[in-house]
Every structure is written in structure tokens, then in C-alpha cells.
Amino acid sequence: VVTVPDQYFFYINRLTKMFKHLDKIIHLCNTYEVPLIIAGDGPDKAELMKIAGPTITFVGWVSDQQTKISLMKKSRGVLNIAHESFGIVTAEALLLGVPVFWHNGGATPELVDEQSGLLVNSLEKQELSDQFAVFLATEYDRQAIQDAARERFSEWQQFWN
């Protein structure tokens, strides 16, 4: 069963600028004045907290699985513009019916289509901003996202059964 989302977006991962580009996500949410909950810890946490505007909330490392699921499931979308080799967070979000704003690289293009989120090709500021505006304006069918993810991952079960 999918959840009617709250108005915040969600990020969960290492708090770094270099590889995760969290500073760019924070700038997007500051620019569009949208709420963002950031879960995780990392070496750039203090610096990232300094650039975060009033709509950004840092909740630290979330070790409780149910809390993590709840935060993700209730979010309006999950944001991550890092190049991920696998993307477990992507898979988790889709299985919960949550749309994603993600980098178009690594394993992500195999998981995300235009029905389940938006993939960005460039980390250039204007391109990111333009694409985020599209993501904000798009209504995603959370049940369809979840159904497609369950179908896709059930096809892969042959590898672990």
C-alpha cells in the first residue's frame, strides 16, 4: 500500500560534497524553498549544515529500519545525484512507490524510467535547476511505481532462489 506523501524530499547517504554532491541538492532545495530531510553522517556534515537553508533538516544516521522506511515512504521524492554503481536506495524507494530524482549513470537507468522519476545527465547548476523544476511539477503515480518495481525485481529473483 502506497502512502500519500508529505511535502518534504528525502536524502539518505554519506554526507559528502565530492562524490555525493549533497551540496548541490541542498542548493536546489534552498532555491525552490522545498523541505528536505537529510539522513546520514559524513566528513562534510558541518560544512553542509552551514549552507542549508531553513527548509533543510538533518536527522543524523538512521539505524532503525522502520524509521528509515517511514521517512522514505512519506517523502515526496528521494533525491540523489551521485553516480551509484548499484543503487540500493533507488531500489528501496521504488519498492515503496516513491519517485526519485537521480543521476543518469551506474545502475540507476536500469531501475528508473520516466514513470518512476527523473534522471539528470548533467550536474551543471542551470541544468540541475531546470530538471528539478520539471521533477517538482510532475505528478507521479506511486502505486504504478511500486507495482513496476515489484515486477522488475521479481524477475531478478531467479538469481537468488
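For clarity, every value in this text was computed on a predicted model and none was experimentally measured. (Residues numbered from 1 in each chain as written. Predicted model: local features only at pLDDT ≥ 70, side-chain atom pairs only at ≥ 80, totals over all residues. Heavy atoms only, no water.)

Packing of helix H1 (residues 22–32) against helix H6 (residues 125–137) brings their axes to within 11 Å, and their N-to-C directions diverge by 60 degrees. With respect to H6, the element H1 is oriented oblique. Judged by the twist between their axes, the crossing of H1 over H6 is right-handed. For the pair H1 and H6, contact is made by Lys 24, Leu 28, Cys 29 and Tyr 32 and by Leu 128, Ser 129, Phe 132, Ala 133 and Leu 136, respectively. Tallied by class, residues from the contact of H1 with H6 come to seven nonpolar, one polar and one charged. (Axes fitted to C-alpha atoms, helices over the stretch in contact; angles between N-to-C directions. Helix = DSSP H or I, 4+ residues; strand = E, 2+ residues; numbered from the N terminus. Parallel < 35°, antiparallel > 145°, perpendicular 65-115°, else oblique. Left-handed = near helix turned anticlockwise from the far one by under 90°. Contact = heavy atoms within 4.5 Å. Nonpolar A, V, L, I, M, F, W, Y, C, P; charged D, E, K, R; others polar.)

Nonpolar side chains tend toward joint burial in soluble globular proteins. Judged by nonpolar contacts, the single largest core of 47 residues is most densely connected at Leu 36, Phe 101 and Phe 132. With residues near it in sequence (within four places) discarded, Phe 101 still touches Leu 28, Val 78, Leu 79, Asn 80, Ile 81, Leu 118, Val 120, Leu 128, Gln 131, Phe 132 and Phe 135. (Core = buried A, V, L, I, M, F, W, Y, C linked by side-chain atoms within 4.5 Å. Buried < 20%, exposed > 50% of the residue type's maximum accessible area, 1.4 Å probe, protein only.)

Before going further, it helps to examine the environment of Gln 65. Its place among the elements puts Gln 65 in helix H3 (residues 65–74). Sequence separation of Gln 65 and Val 78 is 13 residues, and the distance between their C-alpha atoms is 16 Å.

Listed in full, the buried residues belonging to H3 are Lys 68, Leu 71 and Met 72. Buried residues of H3 fall within an arc of 95 degrees about the axis and therefore sit on the same side. (Arc of directions from axis to C-beta.)

So, about the sheet that holds strand S4 (residues 77–80). Taken in spatial order, the six strands make up an open sheet running S3-S2-S1-S4-S5-S6, and their pairing is parallel. Single-partner strands in this sheet number two, and they are strand S3 (56–60) and strand S6 (117–120). Averaged over neighbouring strand pairs, the angle between their axes works out to 25 degrees when direction is ignored. In the sheet, S4 pairs with strand S5 (residues 100–103) via three bridges, with the strands oriented parallel. Residue pairing for S5: Asn 80 is matched across the bridge by Trp 102. Where H1 meets the sheet, it contacts strand S1 (9–12), strand S2 (36–39), S3, S4 and S5, and its direction lies at approximately 160 degrees from that of S2. (Pairing = 2+ DSSP bridges.)

On the surface, Asp 141, Asp 147, Glu 151 and Glu 155 cluster together into a negatively charged patch. Structurally, Asp 141 can be placed in the loop between H6 and helix H7 (142–156). Judged by relative accessible area, Asp 141 falls into the partly exposed class, the value being 46%. (Patch = residues over 30% accessible without salt bridge, like charges linked within 9 Å, V, L, I, M, F, W, Y side chains within 5 Å. Areas by Shrake-Rupley, 256 points an atom, 1.4 Å probe, with all protein chains shown as cover. Salt bridge = Lys/Arg side-chain N within 4 Å of Asp/Glu carboxyl O. Lys, Arg positive; Asp, Glu negative; His and termini not counted. Charge placed at Lys NZ, Arg CZ, Asp CG, Glu CD.)

Keep in mind these values describe shape, not function.
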